[in-house]
Amino acid sequence: MTEKLYALFKRNFPFAMREEETALRILSNPENCIFIHKDSSGAIAGAAVIHKNNVLLLCVDRPLRHRGI
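### Examining a negative patch on the surface
On the surface, E3, E19, E20 and E21 cluster together into a negatively charged patch. Given a relative accessible area of 60%, E19 falls into the exposed group.

Structure, rendered in structure tokens:
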């Protein structure tokens, strides 16, 4: 799951300067609360990753934006 969340992050934030190892460590924290939305093929198309009161990741793939996801 962590690798798929990281792939979503890289697709939507290609300009973000974050080492892959660091991003995977942050996203894999067992205390995170993860909400995902899958597209019709079952791939992750949107996600929110929350840790305590911090939003670590919030994004939806561009083709699915503005559709209430």
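### Re the pairing of strand β2 (residues 44-51)
With seven of eight residues buried, β2 is to be regarded as a mostly interior element. The pairing of strand β1 (residues 33-38) with β2 spans six bridges and is antiparallel. In the strand pairing of β2, F35 is matched with A48. Hairpin connection of β1 to β2: five residues between the antiparallel strands, including G42 at a positive phi of 95 degrees. Examined bridge by bridge, β2 and strand β3 (residues 54-60) share six bridges and lie antiparallel to one another. Across the sheet, residue A48 finds its bridge partner in β3, namely L58. Count of turn residues in the β2/β3 antiparallel hairpin: two residues, of which K52 carries a positive phi of about 55 degrees.

### Focus on the packing of aromatic side chains
Under the counting rule described, the total for this entry stands at three aromatic pairs. Between F9 and F13, the aromatic rings sit 5.8 Å apart at their centres with planes inclined by 35 degrees, giving tilted as the arrangement. Overall, F9 belongs to the buried group, its relative accessible area being 15%. What links up through ring pairs into an aromatic cluster is the set Y6, F9, F13 and F15.

What counts and what doesn't
Residue numbers here run from 1 along each chain, matching the order of that chain's written sequence. Selection of residues for local features in this predicted model requires a pLDDT of at least 70, selection of side-chain atom pairs for listing and counting requires 80 or more, and totals for whole chains, interfaces and linings are taken over all residues. Only hydrogens and water are removed before side-chain values are computed, so all heavy atoms of the structure are retained for them. Each patch is built from residues lacking any salt bridge and having more than 30% relative accessible area; the joining distance is 9 Å for like charges and 5 Å for nonpolar side chains (Val, Leu, Ile, Met, Phe, Trp, Tyr). Exposure was quantified through the Shrake-Rupley algorithm and a 1.4 Å probe, taking into account, for residues, occlusion by the shown protein chains and nothing else. Salt bridge, as used here, is a side-chain nitrogen of Lys or Arg placed within 4 Å of a carboxyl oxygen of Asp or Glu. In this tally, Asp and Glu contribute negative charge and Lys and Arg positive charge; neither His nor the terminal groups of the chain are included. In this description, the location of a charge corresponds to atom NZ of lysine, CZ of arginine, CG of aspartate or CD of glutamate. Summary of the burial criterion: residues with accessible area below 20% of their type's maximum are buried, those above 50% are exposed, and those between are partly exposed, where the area comes from a 1.4 Å probe applied to protein chains only. Under the scheme used here, helices are H or I runs from DSSP no shorter than 4 residues and strands are E runs no shorter than 2 residues, and both carry numbers assigned from the N terminus. Here a strand pair is declared whenever DSSP counts at least two bridges between the two strands. The pairing test for Phe, Tyr and Trp rings, Trp by its six-membered ring, is centres within 6.5 Å, and the orientation test on the planes gives stacked under 30 degrees, edge-to-face over 60, and tilted for anything in between.

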